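So the chains spell out like this:
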Amino acid sequence: MNILAFETSCDETAVAVVRDGRTVLSGAVLSQTDLHALYGGVVPEIASRSHLEAITPLAAKVAAGHAIDAVAATAAPGLIGALLVGLNFAKGYAMAAGLPLIPVHHIRGHIAAAYLAEPELEPPFLAAVVSGGHTLLLAVSGYTEMEVVGGTRDDAAGEAFDKAARVLGLGYPGGAALSRLAGGGDPNRYPFPRAAVKDSPFDMSFSGVKTALINLIHNAGQLYGDDWKNQTDLPSVAASFQNAVVSVLTDRICAAAEAFRFQNVVLAGGVAANQALRDSLRERLGENIHIPPVYLCGDNAAMIGSQAFYEAGKGGFAPLSQNAYATFPPGRGLPGGVP
Ligand code: KG4
Ligand code: ZN
């Protein structure tokens, strides 16, 4: 079954054709980050308009030459205007071509990136979805059955990376730039806090470590004025910050895997591109940690096409009246999707 999939939940316009949930036949991701960098964050209306311009020519290019059996689109969660562009385009395509429509939850899609990377991988496993918008731990018992068992109480890990990077003058989104800067620093030089959430062993909080970094830079500015950058060991600030975030994520992920008795763990989402996090989990979990290649960690449509195959297997088709939802729990089937 070849599925034409669309992903437009945030600032990437992505289209892919995926065969039987496991093989990417064609795909492209158009990133809008340059448009939003000017504002230091994603501007929803600019995102929607940019998706609208990009999606039709991108779909024509990616779908060309492929026999399509079904059409899928991210229907939740995300920026509502952005979601509506991709979902509505998918509905139009499905109607014109007489094909079934499959709505997909974005978080489920991130997890499915692991199926593309490892054709033998199957649930059950613990999934950690760590991105700019989400930091969630899920007990995945089946392709369409999962339950949230932990997550952040405030900032997503990627959001904390992005805010830290902004204060360090690294632009937006700065997670990758911050980790490059951290490469030349001492991860133990600055004692950043590693917050625990009382009575919730699998929950996390990243606002404290973010605020600690903002305060450190603010104090350096007060002390040294314009010379603060030369007077501060910026690579070590970045490395110590990254170390704090990575050690909290690693501890919670490993604790949840052990408590819920999962042998295998999947790491997904944009922050899964972080080399320090990959190394730390590899060290703790060995071959039981499954991490997609970097190009499948950030938002893409191949992951949506993969998950759509498994949603379809459970009868997760939707009428052409399907709506999009800015927020929706990943553990529940979408209205119109899996019954
Ligand atoms: O999954 P994604 O593309 O979009 C969302 O659904 O949010 O994730 C983007 C996030 C951004 O916060 C970005 O800074 C972060 O992933 N990110 C990284 C790295 N590469 C991307 N964070 C830390 N280290 C990286 N190497
Ligand atoms: Zn995402």
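Our structure's up above, just so we're on the same page.
First, a word on scope: everything that follows refers to the structure included in this document. Note that the structure is a prediction, hence the values are computed from the model and not measured.

1. Some remarks on the coordination of the zinc ion (ligand 2)
Thinking step 1. The zinc ion (ligand 2) binds to the protein through His106 (NE2), His110 (NE2) and Asp299 (OD), with metal-donor distances spanning 2.0 to 2.2 Å.
Thinking step 2. Classification of the site at the zinc ion (ligand 2) as irregular follows from its four donor atoms and the range of 92 to 144° in their angles at the metal.
Thinking step 3. On the primary sequence, the residues serving as donors to the zinc ion (ligand 2) are separated as H-x3-H-x188-D. Of the two residues, His110 is situated in helix H4 (residues 106-117) and Asp299 in the loop between helix H11 (294-297) and helix H12 (302-313); the sequence distance between them amounts to 189 residues. By the burial criterion, His110 is buried, and Asp299 matches it.

2. Structural notes on the site of ligand 1
Thinking step 1. Taken together, 18 residues surround ligand 1, and among them Gly132, Asp162, Gly270, Asn274 and Asp299 come closest.
Thinking step 2. Asn274 has a polar side-chain atom sitting 2.9 Å from a nitrogen atom of ligand 1.
Thinking step 3. Alone, ligand 1 offers 550 Å² of accessible surface; in the complex the protein occludes 85% of this.
Thinking step 4. Those elements that provide at least two residues to the shell around ligand 1 are H4, helix H5 (157-167) and helix H6 (175-182).
Thinking step 5. Mapping the shell around ligand 1 onto the domain boundaries places at least three of its residues in each of domain 1 (2-111 + 297-313) and domain 2 (123-292).

3. Observations concerning unusual backbone geometry
Thinking step 1. A cis amide bond, omega 10°, links Pro123 with the succeeding residue Pro124.
Thinking step 2. Of note, Pro124 is situated in the loop between H4 and strand E6 (125-130).
Thinking step 3. Looking along the chain, the bond that leaves Tyr172 and enters Pro173 is cis, with omega of -15°.
Thinking step 4. We note that Asp20 has phi near 50°; this positive angle belongs to a residue other than glycine.
Thinking step 5. Along the chain, Asp20 turns up in the loop between strand E2 (12-19) and strand E3 (23-31).
Thinking step 6. For Asp20, a relative accessible area of 34% translates into the label partly exposed.
Thinking step 7. In this structure, Asp199 takes a positive phi of about 60° despite not being glycine.

4. Topic: the pattern of salt bridges
Thinking step 1. Evaluation of the coordinates by the stated rule reveals 10 salt bridges.
Thinking step 2. For the salt bridge of Lys314 with Glu145, the shortest nitrogen-to-oxygen distance reads 3.0 Å. Of the two residues, Lys314 is situated in the segment after H12 and Glu145 in strand E8 (residues 145-151); the sequence distance between them amounts to 169 residues.
Thinking step 3. When its relative accessible area of 41% is taken as the criterion, Lys314 is described as partly exposed.

5. Thoughts on the pairing of strand E7 (residues 135-142)
Two faces make up the sheet, and in a regular strand the side chains alternate between them.
Thinking step 1. By the criterion of burial, E7 is predominantly enclosed, with seven of the eight residues buried.
Thinking step 2. Bridge count between E6 and E7: six bridges; the pairing is antiparallel. Looking at the pairing, Phe125 lines up with Val140 of E7.
Thinking step 3. The hairpin turn running from E6 into E7, its antiparallel successor, is four residues long.
Thinking step 4. Note: E7 against E8, six bridges, orientation antiparallel.

6. A look at the packing of aromatic side chains
Thinking step 1. Scanning all chains against the criterion turns up 10 aromatic pairs.
Thinking step 2. Ring centres 3.8 Å apart and planes at 5° place the aromatic pair Tyr143 and Tyr310 in the stacked group. Taken together, the residues span a long stretch of sequence, with Tyr143 in the loop between E7 and E8 and Tyr310 in helix H12 at a distance of 167 residues.
Thinking step 3. Aromatic ring contacts, followed pair by pair, group Tyr115, Phe125, Tyr143, Phe309 and Tyr310 into a single cluster.

7. Section: the sheet that holds strand E1 (residues 2-7)
Thinking step 1. Strand order across the open sheet formed by five strands is E3-E2-E1-E4-E5, with mixed pairing between neighbours. The open sheet has two edge strands, E3 and strand E5 (101-105), and neither has a second partner. Adjacent strand axes in the sheet meet at a mean angle of 20°, parallel and antiparallel pairs treated alike.
Thinking step 2. Sheet topology note: the E1/strand E4 (residues 70-76) ladder contains four bridges and is parallel. Looking across to E4, one finds that Ala5 is bridged to Ala72.
Thinking step 3. Against the sheet, helix H2 (residues 44-63) makes contact with E1, E2 and E3, and its axis sits at roughly 25° relative to E2, the strand it touches most.
Thinking step 4. Helix H3 (residues 80-97) rests against E1, E4 and E5 of the sheet, and its axis sits at about 160° to E4.

Calculation criteria
Residues numbered from 1 in each chain as written. Chains lettered and ligands numbered in written order. Predicted model: local features only at pLDDT ≥ 70, side-chain atom pairs only at ≥ 80, totals over all residues. Heavy atoms only, no water. Donors = N, O, S within 2.8 Å, 3.2 Å for Na, K, Ca; no water. Tetrahedral: all angles 85-135°; square planar, octahedral: opposite > 155°, others 65-115°. Helix = DSSP H or I, 4+ residues; strand = E, 2+ residues; numbered from the N terminus. Buried < 20%, exposed > 50% of the residue type's maximum accessible area, 1.4 Å probe, protein only. Near = heavy atom within 4 Å. Polar contact = N/O pair within 3.5 Å; in protein donor to acceptor, adjacent residues only side chain to side chain. Areas by Shrake-Rupley, 256 points an atom, 1.4 Å probe, with all protein chains shown as cover. Domains from an automatic or database assignment. Salt bridge = Lys/Arg side-chain N within 4 Å of Asp/Glu carboxyl O. Pairing = 2+ DSSP bridges. Phe/Tyr/Trp six-rings, centres within 6.5 Å; stacked < 30°, edge-to-face > 60°. Axes fitted to C-alpha atoms, helices over the stretch in contact; angles between N-to-C directions. Contact = heavy atoms within 4.5 Å.

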